[in-house]
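Coordinates in review
Given next are the chains, with one letter for each unit.
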Amino acid sequence: MPHVTVTRRLRFNAAHRVHNPALSDEENRALFGKCNNPNWHGHNYVLEVSVAGPIDPRTGYVVDLGDLARVVEREFVDKVDHRNLNLDVDFMAGVNPTSENIVVQCWRVIAPHVAPARLTRLRLWETENNYVEYEGE
């Protein structure tokens, strides 16, 4: 049976402050600029979730994309949407919320829940011009 990759796009809004507590305030401002605003800033994120697997001969699907969306919403989006990533999200505690770190934490949260498919790639758009991709450990 052929293996196919399918992708679902989801959206969420979140605030954060990119800040490394091991650095001085001056170093943080120089390194992170506006993203280090002590009063936070936010983004309208777009998350693309790609899973792969064999096509089910009964359904013709790798996975029902509606089911995939519900899993990602339950395990990730509902926990980060309209939240402060630094303060409100348990799996981001102690993690500098750069896009790179957010996408890795997202992977850790949702990968166990996409069976029978296999998570193959996450793409997180922070702005219309910037995104990060992660393909697992």
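This section reports on the structure supplied with the text. Here the structure is a predicted model, which means the values were calculated and not measured.

A word on the packing of aromatic side chains. This structure, assessed with the given rule, holds 5 aromatic pairs. Residues Phe-12 and Tyr-45 carry aromatic rings whose centres are separated by 4.8 Å and whose planes lie at 15 degrees to one another, so their mutual orientation is stacked. Of the two residues, Phe-12 sits in strand 1 (residues 3–16) while Tyr-45 sits in strand 2 (residues 41–54), which places them 33 residues apart along the sequence. Classification of Tyr-45 as buried rests on a relative accessible area of 1%. Ring geometry for Trp-107 versus Tyr-134: centroids 5.3 Å apart, planes at 80 degrees, classification edge-to-face. Residue Trp-107 is found in helix 3 (residues 99–110), and its partner Tyr-134 is found in strand 5 (residues 131–134); the two are separated by 27 residues along the sequence. Overall, the relative accessible area of 10% leaves Trp-107 in the buried class. The rings of Phe-12, Tyr-45, Phe-76 and Phe-91 are connected pair by pair, giving a single aromatic cluster. Across the ring face of Tyr-131, the terminal group of Arg-123 is positioned such that the distance to the ring centre comes to 4.7 Å.

Among the nonpolar cores identified, the biggest contains 34 residues, and Phe-12, Leu-47, Val-49, Val-51, Phe-76, Ile-110 and Leu-122 are the most heavily contacted of them. Breaking this core down by element, the ones donating at least two residues are strand 1, strand 2, helix 2 (65–80), helix 3, strand 4 (118–125) and strand 5. With 7 residues, the top contributor of residues to this core is helix 3. Leaving out residues up to four positions away in the same chain, Phe-12 has contacts with His-43, Asn-44, Tyr-45, Leu-47, Phe-76, Val-77, Val-80, Asp-81 and Leu-124.

Further remarks concern the pairing of strand 4. Both strand 2 and strand 4 contribute to a ladder of 7 bridges, which runs antiparallel. Residue pairing in the sheet places Val-51 in a bridge with Leu-119 of strand 4. The sheet contact formed by strand 4 and strand 5 spans 4 bridges and is antiparallel. By the bridge assignment, Trp-125 is partnered in strand 5 with Tyr-131.

The rules behind each value
- Residues numbered from 1 in each chain as written.
- Predicted model: local features only at pLDDT ≥ 70, side-chain atom pairs only at ≥ 80, totals over all residues.
- Heavy atoms only, no water.
- Phe/Tyr/Trp six-rings, centres within 6.5 Å; stacked < 30°, edge-to-face > 60°.
- Helix = DSSP H or I, 4+ residues; strand = E, 2+ residues; numbered from the N terminus.
- Buried < 20%, exposed > 50% of the residue type's maximum accessible area, 1.4 Å probe, protein only.
- Lys NZ or Arg CZ within 6 Å of the ring centre and 35° of its normal.
- Core = buried A, V, L, I, M, F, W, Y, C linked by side-chain atoms within 4.5 Å.
- Contact = heavy atoms within 4.5 Å.
- Pairing = 2+ DSSP bridges.

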